[in-house]
Amino acid sequence: MSNQKLFNVAVVGATGAVGEQIIRLLDERNFPIKELKLLSSARSAGVKLSFKGQEVTVQEATPESFQGVDIALFSAGGDVTKALAPHAVKAGTICIDNTSAYRMDPETPLVVPEVNVEKINEHKGIIANPNCSTIQMVAALKPLYNRYGISRIIVSTYQAVSGAGAKAINEMLRQSKEVLEGNDAKPDILPVGSLPVKHQIAFNAIPQIDKFLDNGFTNEEMKMILETKKIMGDESIEVTATCVRIPVVYGHSESVYVELKEDFDVEEVKTLLANAPGIVLVDNPAEQQYPLATDAAGKLETFVGRVRRDLSNPKALNMWIVSDNLLKGAAWNAVQIAEYIAIEQ
Ligand SMILES: NC(=O)c1ccc[n+]([C@@H]2O[C@H](COP(=O)([O-])OP(=O)(O)OC[C@H]3O[C@@H](n4cnc5c(N)ncnc54)[C@H](OP(=O)(O)O)[C@@H]3O)[C@@H](O)[C@H]2O)c1
């Protein structure tokens with residue numbers, strides 16, 4: 001991108017788990033930056049972060065922060081996006097938002113570049129990054145959708161604590177130490193719901209991510225259901241989800257059952273996955289090789305394995321999909337969108 005226009009870029013939520021990865025990717029991928037503005041709440045204003053070997057001082061994000069900013073990457077919670085993104089759009093900034101604030105807004109494109117990159121051009125100032133569990137699932141299912149069509153998806157997730165932010169990582173590590181030292185684990189952060197009730201995450205599995213809705217599903221589960229239809233551009237796909245938090249630091253894993261509309265050959269499915277952009281097939285049961293969160297952590301790709309025809313329904317497949325939730329699930333997907341915008345301008 002050397003002969004290219006340079007951009008003034010802002011990262012809102014620069015001190016968070018996702019913000020840290022966005023800054024690292026902008027640095028490592030040599031994003032064409034003229035000036036980088038790092039924004040957070042008043043709590044972290046004044047903190048110094050490193051970018052390209054230089055210190056950048058974090059500033060408090062305010063409605064005035066966006067004057068002269070070309071592209072802003074938001075990961076500071078939905079309320080912050082709702083409060084600040086409209087000011088940014090008025091200032092002419094293109095906002096790429098990691099929160100759920102605008103994902104289901106009909107005017108806002110919801111983009112996974114491997115699935116629907118063309119939607120970026122329809123933006124009216126804001127482009128939404130989907131939920132982390134949804135991104136890796138649709139990235140893996142898109143090549144199968146294109147070839148066979150998809151009628152139904154049943155997904156169960158095994159989600160890392162980093163999906164709930166930097167504080168949840170610390171909570172899991174602290175609780176693990178407490179239990180190993182023979183003490184009671186003190187729950188403080190998880191699950192993040194609407195009640196003050198908290199549960200131990202160390203050495204446990206919590207079947208709740210985000211608050212419960214009246215239909216018995218959690219908000220995270222409904223995000224997977226609704227966002228999948230919007231990103232695939234197909235309301236007819238039936239989706240059901242159960243989302244579970246497990247004591248893994250980085251990398252969400254998913255058990256996915258998918259019913260296809262046309263007959264398929266399992267070897268052809270594996271070839272399609274192996275050749276799909278952003279997908280790595282790791283599927284060798286004879287050698288006990290399959291995707292693992294510990295292998296996916298720190299990588300940009302989505303890893304797929306355990307691909308097999310279902311025994312109860314010959315038109316269905318089962319598979320295991322793993323990706324780093326902070327990277328493809330958040331920061332990398334957002335930076336991919338920013339790179340597309342930079343190339344187009
Ligand atoms: N973690 C994931 O896997 C993931 C994936 C997809 C999307 N997301 C979404 O991305 C967002 C951030 O997630 P995270 O995991 O990075 O959380 P986090 O580690 O808790 O970081 C939150 C960031 O937001 C900033 N912030 C909080 N309140 C603010 C305010 N009023 N004004 C400006 N900045 C404020 C914090 O700044 P201070 O240092 O000042 O507190 C911090 O930089 C959430 O909406 C989350 O749903 C997360």
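Scroll up to find the structure this text is about.
Residues numbered from 1 in each chain as written. Predicted model: local features only at pLDDT ≥ 70, side-chain atom pairs only at ≥ 80, totals over all residues. Heavy atoms only, no water.

**Student:** Hey, could you go over the overall build of the protein chain for me, with residue numbers and the actual values?
**Tutor:** Along the protein chain, the regular secondary structure elements total nine helices and 14 strands. For the protein chain, whose C-alpha radius of gyration is 20 Å, the value lies close to the compact-globule estimate of 20 Å for 345 residues. Based on the C-alpha atoms only, the size of the protein chain along its principal axes is roughly 60 × 55 × 40 Å. Across the 345 residues that make up the protein chain, the buried fraction comes to 52%. When contacts within the protein chain are restricted to residue pairs at least 6 apart in sequence, long-range pairs at least 24 apart make up 65% of them. (Helix = DSSP H or I, 4+ residues; strand = E, 2+ residues; numbered from the N terminus. Rg over C-alpha atoms; globule rule 2.2 N^0.38 Å. Buried < 20%, exposed > 50% of the residue type's maximum accessible area, 1.4 Å probe, protein only. Contact = heavy atoms within 4.5 Å.)

**Student:** Can you break down the nonpolar core residue by residue, with the values?
**Tutor:** Membership of the largest hydrophobic core comes to 40 residues, with the highest contact counts inside it found for L141, I153, L317 and M319. Elements that contribute at least two residues to this core include exactly α4 (132-148), β9 (150-159), α6 (219-232), β10 (238-245), β11 (252-260), α7 (266-275), β13 (302-309) and β14 (316-323). Of the residues forming this core, the biggest block, nine residues, is contributed by α4. Grouped together as the second largest cluster of nonpolar side chains are 35 residues, F7, I22, F51 and L326 included. (Core = buried A, V, L, I, M, F, W, Y, C linked by side-chain atoms within 4.5 Å.)

**Student:** Quick rundown of the site of the ligand? Include the residues and the values.
**Tutor:** Around the ligand, the surrounding shell holds 25 residues, and the nearest of these are T15, A17, V18, S41 and S44. In this structure, an oxygen atom belonging to the ligand sits 3.2 Å away from a main-chain N or O atom of G13. Burial of the ligand by the surrounding chains reaches 77%, relative to a free accessible area of 910 Å². Secondary structure elements with two or more residues in the shell around the ligand: α1 (17-28) and α9 (327-344). Residues that form the shell around the ligand fall into these classes: nine nonpolar, 15 polar and one charged. (Near = heavy atom within 4 Å. Polar contact = N/O pair within 3.5 Å; in protein donor to acceptor, adjacent residues only side chain to side chain. Areas by Shrake-Rupley, 256 points an atom, 1.4 Å probe, with all protein chains shown as cover. Nonpolar A, V, L, I, M, F, W, Y, C, P; charged D, E, K, R; others polar.)

**Student:** With reference to specific residues and values, describe the side chain of D283.
**Tutor:** Mapped onto the fold, D283 is located in the loop between β12 (279-281) and α8 (293-296). Polar contacts involving the side chain of D283 include one to the main-chain amide nitrogen of R306, which spans 3.2 Å. For D283, the side chain forms a polar contact with the main-chain nitrogen of V307, separated by 2.9 Å. The contacts of D283, once residues within four sequence positions are left out, are K270, Q289, G305, R306 and V307.

**Student:** Mind laying out the state of the cysteines, listing which residues take part and the relevant values?
**Tutor:** What the rule picks out here adds up to zero disulfides. Counting only cysteine sulfurs, C243 is the nearest neighbor of C132, a cysteine outside any disulfide, at a range of 8.9 Å. (Disulfide = S-S within 2.5 Å.)

**Student:** Requested: an account of the pattern of salt bridges, with residues and values cited.
**Tutor:** Across all of its chains, the model carries 17 salt bridges by this definition. A salt bridge links K186 to E178, with the nearest nitrogen and oxygen atoms 3.7 Å apart. Each of E171, R174, E178 and K186 takes part in salt bridges that share partners, so that together they form one network. (Salt bridge = Lys/Arg side-chain N within 4 Å of Asp/Glu carboxyl O.)

**Student:** Give me the sheet that holds β12: which residues, what numbers.
**Tutor:** Spatial strand order, β10-β9-β11-β14-β13-β12: six strands in an open sheet with mixed pairing. Each edge of the open sheet carries a strand with a single partner, namely β10 and β12. With direction set aside, neighbouring strand axes in the sheet form an average angle of 20°. As defined by bridge partners, β9 adjoins β10 across eight bridges and the pair is classed as parallel. Residue pairing for β10: R152 is matched across the bridge by E238. Contacts from α6 reach β9, β10 and β11, with the element oriented near 140° to β10. (Pairing = 2+ DSSP bridges. Axes fitted to C-alpha atoms, helices over the stretch in contact; angles between N-to-C directions.)

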